[in-house]
Amino acid sequence: MAKMLTRRLSGIAASPGIALAKAFRINNDHYVPVAGKAVDRDLEIHRFRNAVEEAKQELVEIKDLTEQRMGAAKAEIFEAHLMLLEDPDYIDAIIEGIKDEGMNAEFKLHEVANSFIEVLSAMDNELLRERAVDVRDITGRIMSKLRGVSFEAIAAINEPCIVIAEDLTPSDTAQLNLDYVLGFVTEVGSRTSHSAIMARSLEVPAVVGAGEIAAEIVTGTKIIIDAIEGVVLIAPNEQEVETYQARKAYYDQRKAQLRKLLDQPTLSADGHRVELAANIGSVEDLQKVLANGAEGIGLFRTEFLYMGRKTLPSEEEQFQVYKHVLERMDNKPVVIRTLDIGGDKELPYMKLPAESNPFLGLRAVRLCLNQKDLFRTQLRALLRASSYGQLKIMFPMIAVVEELQAAKQLLLEEKAKLIQEGIPVSDLIEVGIMIEVPAAALAADFLAKEVDFFSIGTNDLIQYTMAADRMNETVSYLYQPCHPSILRLIQMVIQAANKEGKWVGMCGEMAGDERAIPILLGMGLHEFSMSASSILPARALLKEISYQEWASYTQQILAMSSQAQINQFVEQKTRSDLT
Ligand code: PEP
Ligand code: MG
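This is a predicted model, so every value here is computed, not measured. (Residues numbered from 1 in each chain as written. Chains lettered and ligands numbered in written order. Predicted model: local features only at pLDDT ≥ 70, side-chain atom pairs only at ≥ 80, totals over all residues. Heavy atoms only, no water.)

Draft legend 1. View of the sheet that holds strand 8 (residues 231-234). Taken in spatial order, the eight strands make up an open sheet running 1-8-7-3-4-5-6-2, and their pairing is mixed. One side of each edge strand has no neighbouring strand; the edge strands of this open sheet are strand 1 (7-10) and strand 2 (12-15). Direction aside, the axes of adjacent strands within the sheet are offset by 30° on average. Looking at chain direction, strand 3 (residues 18-25) and strand 7 (residues 222-226) are connected through five bridges and run antiparallel. Among the inter-strand pairings, L20 is bridged to a residue of strand 7, identified as I224. (Pairing = 2+ DSSP bridges. Helix = DSSP H or I, 4+ residues; strand = E, 2+ residues; numbered from the N terminus. Axes fitted to C-alpha atoms, helices over the stretch in contact; angles between N-to-C directions.)

So this is what it looks like as structure tokens:
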């Protein structure tokens, strides 16, 4: 084989770190068999049955392995695959086809599976559409047995590698064995896509949205990912390997130094106090939160409690989760956001009508006000949990003051009912909203009168202000946290809240962005909530920069016309602060 030259790909640095290893491509094998006649129909059926049996054995092994390593819930996906291998509609249709038409097994498997996939993919129901992925997956496995080639599955990885995939679904990420998977690269995705958020919570270096060329990386190729700069090097030369090994060593050493800031308060160089909190999606994230010295939870995305299941979580189930989080946080502030479903997060079992613009549709608080029983259940669970810690309830996607008033009214009604039932409810619960719709930012002065706090959701605020889908990498150049339009909105929000004596946090990805932190400090942001892994670097940075100095730059920064100019200014100033 001809020796490849190093190729460089740029993508989005989604989760920081550097990794050097061989690539491991997740099955993207689109093998299409040729139609041919079976030499002997019975023999062909026998060959097919054997392949199914081998696939079954392999799946049982992977299922057991996943269960041991990651628990029964994560292994459930393989149960569905095993059931498909027993499904007469699928398996018998292939056998009948071989028997009646005398076709070869590969062709018949491909044909039957394709007709299944086509029908399932066209279904309205998300759960059924997901079955298409299972059929594709299991078909690939049987096909590999027929062809005598190995079928690469994430859970079967047992040597150090960097995973390459078109994208990673939550079930893919669930199976990643972090003893071996040193990082991953995806062809699609953005900084705020769920595979990116997952990578940060697992603290795995990841470059996402690396484009179609990433599809050319084959298993076994040596690669380097620099998920600080967002670069992937394919087949690097010796010198490049040495350079990146040194960078990795430096990065790992700095990480160790940051550990020393674990229990220190967050103070700027001139002694201004801010709070560094963490974003979580489930109770499993709490360990990382505590291990990274968070001073609270600034955002608990409760929608993950509702996802990946077949029915709504009950009040009791939710109560147990919220109580657990509050107790583990030991009276530190915990901001729990009410259900933010819609947009890219679907709940198939709710059978909501399809929308042509889901991000602009019945999402978050809009859905909750439309489905009041669902909302009341969550509010009751939150209120019941409130006596176990310092709870703050936050409503997402508020656009107009009437939505906030309606949500608060339901909260009051549920509180009154609980008190009447003799169930204790804390009197100290704060109620706030996310500022993620430009309308809310522009009218923050009215909203500030009705809340205890704001938390700026820049992931959506940027998406809606720039009119650029946060999931679409072709417009990711418009994801500009430090664009003057965004900074002006943020300043308006902080000023409006300050005027009413309310505090302002930020829980979008921008809060952990080192190029934005000095500006936000200077503008007077009170709380920064981010992925747990960003907390210590943020604390180290804040320790080196002065609040007064950055406050004095605010007007100058807001008068600059582009993000590039602002980034350059911040880089230049922080470099001199750090030296
Ligand atoms: C945001 O929009 O900034 C945010 C934090 O919410 P999410 O990413 O869950 O939409
Ligand atoms: Mg949002």
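This is not the end of the story, as more comes after the structure.
Draft legend 2. Summary view of the packing of aromatic side chains. Summed over the entire model, instances satisfying the criterion amount to eight aromatic pairs. With a centroid separation of 4.6 Å and 10° between ring planes, the pair formed by F453 and W503 is classed as stacked. Within this pair, whereas F453 is found in strand 14 (residues 453-456), its partner W503 is found in strand 15 (residues 503-506), the two being separated by 50 residues in sequence. On the basis of an interplanar angle of 90° and a centroid distance of 5.3 Å, the ring pair of Y553 and F569 is categorised as edge-to-face. With Y553 in helix 21 (residues 547-558) and F569 in helix 22 (residues 563-578), this pair connects stretches of sequence that are 16 residues apart. Both residues of the pair, Y553 and F569, belong to the buried class. Between the NZ or CZ atom of R247 and the centre of the ring of Y244, over which it lies, the distance is 4.7 Å. A cation over an aromatic ring shows up here: R384 above the ring of F319, its NZ or CZ 4.1 Å from the ring centre. (Phe/Tyr/Trp six-rings, centres within 6.5 Å; stacked < 30°, edge-to-face > 60°. Buried < 20%, exposed > 50% of the residue type's maximum accessible area, 1.4 Å probe, protein only. Lys NZ or Arg CZ within 6 Å of the ring centre and 35° of its normal.)

Draft legend 3. Geometry of the site of ligand 1. The environment of ligand 1 is formed by 15 residues, the closest being R301, R337, G457, N459 and R470. Contact with the protein chains removes 99% of the 290 Å² of surface that ligand 1 exposes when unbound. Contributions of two or more residues to the shell around ligand 1 are made by strand 10 (297-301) and helix 17 (458-466). Its residues assigned to classes, the shell around ligand 1 shows three nonpolar, four polar and eight charged. (Near = heavy atom within 4 Å. Areas by Shrake-Rupley, 256 points an atom, 1.4 Å probe, with all protein chains shown as cover. Nonpolar A, V, L, I, M, F, W, Y, C, P; charged D, E, K, R; others polar.)

Draft legend 4. Region of interest: the coordination of the magnesium ion (ligand 2). The coordination sphere of the magnesium ion (ligand 2) contains the protein donors E436 (OE) and D460 (OD), at a distance range of 2.0 to 2.1 Å. Of the two residues, E436 sits in the loop between strand 13 (430-435) and helix 15 (438-442) while D460 sits in helix 17, which places them 24 residues apart along the sequence. In this pair, the class of E436 matches that of D460, namely buried. (Donors = N, O, S within 2.8 Å, 3.2 Å for Na, K, Ca; no water.)

Draft legend 5. Spatial organisation of the pairing of strand 11 (residues 333-337). With five of its five residues buried, strand 11 lies for the most part within the structure. Of the strand pairs in this sheet, strand 10 and strand 11 are connected by three bridges, and their pairing is parallel. Considered in strand 11, the bridge of R301 is made with R337. Alignment of strand 11 against strand 12 (residues 390-395), held across five bridges, turns out to be parallel. Looking across to strand 12, one finds that V335 is bridged to K392.

Draft legend 6. Structural detail: the environment of E450. By secondary structure assignment, the location of E450 is in the loop between helix 16 (444-448) and strand 14. For E450, a relative accessible area of 24% corresponds to the partly exposed category. Measuring from C-alpha to C-alpha, the distance between E450 and V401 comes to 8.2 Å, with 49 residues separating the pair along the chain. With residues up to four places along the chain from it excluded, the contact list for E450 reads V401, L404, Q405 and K408. Within polar-contact distance, the side chain of E450 engages the side chain of Q405 at 3.1 Å. (Contact = heavy atoms within 4.5 Å. Polar contact = N/O pair within 3.5 Å; in protein donor to acceptor, adjacent residues only side chain to side chain.)

Draft legend 7. Just the side chain of D226, in detail. By secondary structure assignment, the location of D226 is in strand 7. In this view, D226 contacts G17, I18, V207, V231, Y244 and R247; residues no more than four positions away in its chain are not counted.

Draft legend 8. Geometry of the sheet that holds strand 9 (residues 275-280). Taken in spatial order, the eight strands line up as 9-10-11-12-13-14-15-16 and close into a barrel, and their pairing is parallel. Recorded for the sheet is a direction-independent mean angle of 25° between the axes of neighbouring strands. Bridging between strand 12 and strand 13 involves four bridges; their strand directions are parallel. Counterpart to K392 in the pairing with strand 13 is E430. Across the sheet, helix 14 (residues 401-420) lies against strand 12 and strand 13, angled at about 140° from strand 12, the strand it touches most.

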